[in-house]
Amino acid sequence: MELRINGTLVASASAASLAYSWDSRLVADGLRQLELRAFDAAGNVGTTTRTVTVSNNKVIDSIAPTSAITSPSNGFRITTRTVSISVSSSDNVGVTKLELYIDGRLSGTASSSTATFNWNTSKVSAGAHTLQAFATDAAGNIGASPIITVYK
């Protein structure tokens, strides 16, 4: 048996099986072709190939973004028909989605790290209402803002 990587012989054995440990960190990122050749006593050759992608430099993002409602502030009293809600977020790699929830229901979505949402409060009941934002990054990590309570 022979194992070749991009045509270069890297391991061989005169047995029915072959084990090989390949440290892909020693090669540049990109596509590599792995080829296994098996020979029988009559000289016949069986071949199988697989293409693999080496990606040693890929950043694994496991850090959730942060998000905050920057306006209005906690305890704000609603006195106008339209309230502007400003949300900001940040992430070590990048925010891909920003969502605003009012009273637990999705109210707005943006595909940026900052956004301003306009909330029409004309049909909103008197009392306390909660605001919360969620930021999502490309890896699917989600960061929630603290809950802000406003009053009408």
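A brief report on the enclosed structure follows. (Residues numbered from 1 in each chain as written. Predicted model: local features only at pLDDT ≥ 70, side-chain atom pairs only at ≥ 80, totals over all residues. Heavy atoms only, no water.)

Of the consecutive residues S71 and P72, the connecting peptide bond is found in the cis state with omega at 5°. Phi at N6 is positive, roughly 50°, even though this residue is not glycine. In this structure, N6 sits in the loop between β1 (2-5) and β2 (8-12). (Helix = DSSP H or I, 4+ residues; strand = E, 2+ residues; numbered from the N terminus.)

As a further point, take the packing of aromatic side chains. Tallied over the full model, the rule gives one aromatic pair. Relative to F134, the ring of Y101 has its centre 5.4 Å away and its plane inclined at 85°; by these criteria the two rings are edge-to-face. Note that Y101 is positioned in strand β7 (residues 95-102) and F134 in strand β10 (residues 128-137), a separation of 33 residues in sequence. The class of Y101 is partly exposed, set by a relative accessible area of 23%. (Phe/Tyr/Trp six-rings, centres within 6.5 Å; stacked < 30°, edge-to-face > 60°. Buried < 20%, exposed > 50% of the residue type's maximum accessible area, 1.4 Å probe, protein only.)

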